[in-house]
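Residue strings, one per chain:
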Amino acid sequence: MPPIFTILIIYLLNENHLPKVPSNPNCLTATLRDILMSIEARERRQPWILLSPALTAITLLLFVPLLFIVVYSFWLRTATGADQSGFFLDNWREALSDPFYRDILLFTLKIAAITTLVCAVMGYPAAYFIARSRGNKAVLLLLLMLPFWISYIIRTMSWINILGVSGALNTFLIWTGVISEPIQMLYNQTTVILGLVHFLLPFMILNVFVSLDGIDVTLEDAATSLGATRWEAFVQVTLPLSLPGLAAGGLLCFVLAAGTYITPLVLGGPTDAMFANLVYEAIITQLNWPLGSALSLMLLAVLGLLVMIYNRYLGMAQLMKGLG
Amino acid sequence: MTKIDNTTRYERLRERYMNGDIDRRSFLGLIGAAGAAYGLVTPYRALAQDVTQVRFDGWGGVVSEAFRKHAFDPYTAKTGIEVVDGTFGGGDEYLSRVKASQPGEYNIAHLSGVFDYARYAGLGLTSELNEANIPNLEYVIKKLVDVYRPITDGKISCVPYDYGTTGIAYNRKFISDEEMQEKGAKVLIDEAYKGKIAGWGDWRTRIWFGALQTGQDPNNASDMDAVWEAIRAHRDLSLKYWTSGAELMSLLAEEEIYVTEGWSGRIYALQEQGHDIGYMDPPNGYGWQECLFVLKGSPMEACEELLNFMLAPETSIAVAEGQNYPPALDPQKVELGAKIPTLPAFDPTGTLEGLTFADPTYWNGHEAEWSKTFGRVQKGY
């Protein structure tokens, strides 16, 4: 039974809402039409009423601060570090025309792209294994979630104890006689990517897993019964069907990697700074909040554009499934 | 006169009402007036003198531990006022937080350098201490207090607390004392130690050492191009710019690096832990003083009481021994015990003639330009 009729019946059975029956039949039709319209109007309002706490929170905690940042980006920093209010385009002119910011942005996008690629290559087999495992799927998913129980900063810093000169890996290699002197493995671009992959891999695995888990396993069997090898069945059936999950995981990994500043700070060398580090420096070190605002909006615009392109071609539904 | 709290005051009023000493209308009127007064005062309670807590922000690590153990806990036990302590990674970060806060949210900070004091003054964040409420200020080296006065029209918004140097720390296993004496600050741009050098990612420190490496006066460098080139050379040889005292200690202790600049107290702490780390202040090395700065909007009497408590010789000495920086107390006026004279940068004369401090006018005059340029040079430009 359609919900609208259920509601109508309940509404009519309720004495408090029971309309007075007019003696004229034409009037009765008009009254029923009014009631139906009133219920439809209520149904239209209901989602908004239910969403209102979340919308209020998003408005107050996201859109209003974002509006402040937009306003700030047109202000200026004075010599003392105080802000001068007004409408100045200096910060935007600097952010958009200075090759320094462009280069760091491109470097950031490059690091994010490499990280995403590594996550995809490493994450897909893991997700496939979990999706196709029997019985212990829940345990494997729990193990996948375990790293989230530890602070991201702690997880990032743990690499210092693993890859440091006197860390676990060097100690092991020296102990086994593979090397005689410790190798310098930390504080370079590779360790930044390593730290990001460590952080983001679970996001990729979860998204691909959700996609793979929704694919009927008998499809592969059907393909093999028609003469395809297991590999061909995977490449021609499973992989195409799981691409939306891979794309959703890729988008998440890319956006999160491009916005990070802790990983390059902890695991990077002097020249491995990413765009978020510039925002941090402008706001914290240089006390230049207006320029920092313009830079953060610039990064937001680039990543927002990416999300829009994704949404245009693949839609956000898959991403929501992965996050859920 | 004995001060009574609000609960006692209410109970006495209620007793008078129950005994029939005051009528119901007067009783309710007084209760209402008290409620209205509370409502009016609450938004400004940071400014009120009847406070239950004071917020203190410092550098964390062993410094914070020393403050907690030797100053805050005994202060709370004595006064009943709780000290809520937070930490920051650097003065810039803290200033940014203060700028975003409401007056009274932050109260006292362990700030470094006179130039920071001048920056806070420039942003209108200073308070005015009543020195009569801080009698222990008389034990402090006068020179350390007087440098602040011209910035705030003869008044002070802080009390000096300790001093130290940013010198060069080196691992004696790889670099000898003789080599350090010979090379001085130039060891930080020595190709022989490529990948084993580090430095603090602070623009002032980098420029100071850049000036030393190019034979210039750090407080009046005439050839800034040469300084930036020295900074670039250091960057290209460096493994990492460290961002906190804990990271500095870790890099040296783990032998990730052999040489870096370092804070005298932190290096002393490493030496105490048994690491064979040498420490050297090159000629014109970077001397600095730290102060306990009271921010505008803070409960002044409570803060002054805490400052006076912290400046008491027994507290100040205990904290200094814990954090390994000499206290601002004048050795000519106060007996500083056995450990403090052994600390790096300690001046037994109390004149501090041997230390070079940053000129606040010079450094703050270039702050906007240099901090921005360093941000670029640091990233390979």
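Residues numbered from 1 in each chain as written. Chains lettered and ligands numbered in written order. Predicted model: local features only at pLDDT ≥ 70, side-chain atom pairs only at ≥ 80, totals over all residues.

A. Inspection of the overall build of chain B at higher detail. Counting its regular elements, chain B contains 14 helices and ten strands. Classification of the 381 residues of chain B by burial places 46% in the buried group. In chain B, once contacts between residues fewer than 6 apart in sequence are set aside, the share between residues at least 24 apart is 75%. (Helix = DSSP H or I, 4+ residues; strand = E, 2+ residues; numbered from the N terminus. Buried ≥ 20, exposed ≤ 12 C-beta atoms within 10 Å, placed from the backbone. Contact = placed C-beta atoms within 7 Å.)

B. Examining the overall build of chain A more closely. Secondary structure assignment for chain A yields 14 helices and two strands. Looking at chain A as a whole, 32% of its 324 residues are labelled buried. Contacts in chain A between residues at least 24 apart in sequence constitute 70% of all its contacts with a sequence separation of at least 6.

C. Here's a closer look at the domain arrangement of chain B. Residue and element names in this part refer to chain B. For chain B, the assigned domains read domain 1 (53-163 + 288-360) and domain 2 (164-285 + 362-378). A straight line from the C-alpha centre of domain 1 to that of domain 2 covers 25 Å. Taken together, the contacts link 22 residues of domain 1 with 22 residues of domain 2. For the side of domain 1 that touches domain 2, the secondary-structure elements that each account for two or more residues are helix H3 (61-79), helix H5 (114-122) and strand S4 (158-171). (Domains from an automatic or database assignment.)

D. Geometry of the interface of chain B and chain A. Facing the 27 residues of chain B at the interface are 23 residues of chain A. At the level of elements, helix H4 (91-99), H5, strand S6 (238-242) and helix H14 (360-378) of chain B are the ones that each hand at least two residues to the side of chain B that touches chain A. Looking at the side of chain B that touches chain A residue by residue, the classes come out as six nonpolar, nine polar and twelve charged. (Nonpolar A, V, L, I, M, F, W, Y, C, P; charged D, E, K, R; others polar.)

E. A look at the environment of Ile111 of chain A. Residue and element names in this part refer to chain A. Considering the arrangement of structural elements, one finds Ile111 in helix H4 (residues 99-132). Residues Ile111 and Thr229 lie 118 residues apart in sequence; the distance between their C-alpha atoms is 37 Å. Beyond its immediate stretch of four places on either side in the chain, Ile111 contacts Val192, Ile193, Ala257 and Met274.

F. Just the packing of helix H9 (residues 218-225) of chain A against helix H10 (residues 230-258) of chain A, in detail. Residues and elements named next belong to chain A. Axis separation between H9 and H10 bottoms out at 9 Å; the angle between their running directions is 125°. Classified by the angle their axes make, H9 and H10 are oblique. Handedness of the H9/H10 crossing: right-handed. Each of Leu219, Glu220, Ala223 and Thr224 in H9 lies in contact with H10, whose residues at this interface are Arg230, Ala233, Phe234, Gln236, Val237 and Thr238. (Axes fitted to C-alpha atoms, helices over the stretch in contact; angles between N-to-C directions. Parallel < 35°, antiparallel > 145°, perpendicular 65-115°, else oblique. Left-handed = near helix turned anticlockwise from the far one by under 90°.)

G. Representation of the environment of Ser296 of chain A within the structure. All names here are of chain A. Here Ser296 shows up in helix H13 (residues 289-313). A count of 23 C-beta atoms within 10 Å places Ser296 in the buried class. Considered as a pair, Ser296 and Leu246 are 50 residues apart in the sequence and their alpha carbons are 28 Å apart.

H. Fine view of the confidence of the model for chain A. Residues and elements named next belong to chain A. Chain-level statistics for chain A give a pLDDT mean of 88 and a share of 89% at 70 or above. Here helix H1 (residues 3-13) stands out as the least confident element of chain A, with mean pLDDT 42; H4 is the most confident, with 97. Scored below 50 in pLDDT, residues 1-15 shows nine contacts in the model against residues more than four places distant or in partner chains. (pLDDT = per-residue confidence, 0-100.)

I. Focus on the pairing of S4 of chain B. All names here are of chain B. Within S4, 13 of the 14 residues are buried, which leaves it mostly tucked inside the rest of the structure. Bridge analysis of S4 against strand S9 (residues 286-294) gives eight bridges, and the strand direction is antiparallel. Paired with Tyr163 across the strands is Gln289, a residue of S9. As paired elements, S4 and strand S7 (residues 259-263) share five bridges and run antiparallel to each other. Counterpart to Ala169 in the pairing with S7 is Thr260. Bridge count between S4 and strand S8 (residues 277-280): four bridges; the pairing is antiparallel. Bridged to Tyr170 within S8 is Gly278. (Pairing = 2+ DSSP bridges.)

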